[in-house]
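Overview (structure and organization)
These are the residues of each chain, in order.
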Amino acid sequence: MNAATIFGLSNIITGLVVIAACIPLLRDNIAMNRWYGIRFRKSFESEENWYAINSYGAQRMILWSVIIVNFGILSFFVPISGRGVLQYMISGAPVLLLIPAIESWLFARKL
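Treat the numbers as computed from the prediction; the structure is a model and nothing was measured.

What counts, and where the lines are drawn
Residues numbered from 1 in each chain as written. Predicted model: local features only at pLDDT ≥ 70, side-chain atom pairs only at ≥ 80, totals over all residues. Heavy atoms only, no water. Phe/Tyr/Trp six-rings, centres within 6.5 Å; stacked < 30°, edge-to-face > 60°. Axes fitted to C-alpha atoms, helices over the stretch in contact; angles between N-to-C directions. Helix = DSSP H or I, 4+ residues; strand = E, 2+ residues; numbered from the N terminus. Parallel < 35°, antiparallel > 145°, perpendicular 65-115°, else oblique. Left-handed = near helix turned anticlockwise from the far one by under 90°. Contact = heavy atoms within 4.5 Å. Nonpolar A, V, L, I, M, F, W, Y, C, P; charged D, E, K, R; others polar. Patch = residues over 30% accessible without salt bridge, like charges linked within 9 Å, V, L, I, M, F, W, Y side chains within 5 Å. Areas by Shrake-Rupley, 256 points an atom, 1.4 Å probe, with all protein chains shown as cover. Salt bridge = Lys/Arg side-chain N within 4 Å of Asp/Glu carboxyl O.

1. Notes on the packing of aromatic side chains
- In the structure shown here, the tally under the stated rule is two aromatic pairs.
- Taking the centre distance of 5.6 Å and the plane angle of 40° together, the rings of Phe-44 and Trp-50 count as tilted.

Next up, the structure:
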């Protein structure tokens, strides 16, 4: 297996796992707990905050996970050789999940 295949598959799998984990949060199916969900201090102040923050965070995570999946698919069609910039971008795609984490934190601060 070459690097493009490994990076592509890992990005696709990462994106799909995050999407699957976010669907119950998006549907407000997860009650307040300390193990699963977007757990900021503000999330635990009320049930209303919990569901609002988790729903917003799940939306943002799903959006960015779709982008990561697309990076994975792209890696099968774009030739990656050596240590090019494109290889680093594709291999580092899961780092994009920091963006929705920060967006969720900023959203929680506004509540």
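2. Digging into the packing of helix H2 (residues 47-77) against helix H4 (residues 98-110)
- Interaxial distance between H2 and H4 falls to 9 Å at its minimum, and their mutual angle equals 155°. In terms of their interaxial angle, H2 and H4 are classed as roughly antiparallel. At the point where H2 passes H4, the crossing takes the right-handed sense. Contacts between H2 and H4 involve Ala-52, Ile-53, Tyr-56, Gly-57, Arg-60, Met-61 and Trp-64 from the former and Ile-99, Pro-100, Glu-103, Ser-104, Phe-107 and Ala-108 from the latter.
- Split into classes, the residues belonging to the contact of H2 with H4 amount to nine nonpolar, two polar and two charged.

3. Observations regarding unusual backbone geometry
- At Asp-28, a position not held by glycine, the phi torsion is positive, near 60°.
- Tracing the chain through its elements places Asp-28 in the loop between helix H1 (3-26) and H2.

4. Notes on a nonpolar patch on the surface
- A contiguous nonpolar patch, built from Met-1, Ile-6, Leu-9, Ile-13, Val-17, Ile-73, Phe-76 and Phe-77 and spanning about 850 Å² of accessible area, is present on the exposed surface.
- Elements with a contribution of two residues or more to the nonpolar patch: H1 and H2.
- The greatest single-element share of the nonpolar patch, amounting to four residues, is contributed by H1.
- As for its position among the elements, Val-17 is in helix H1.

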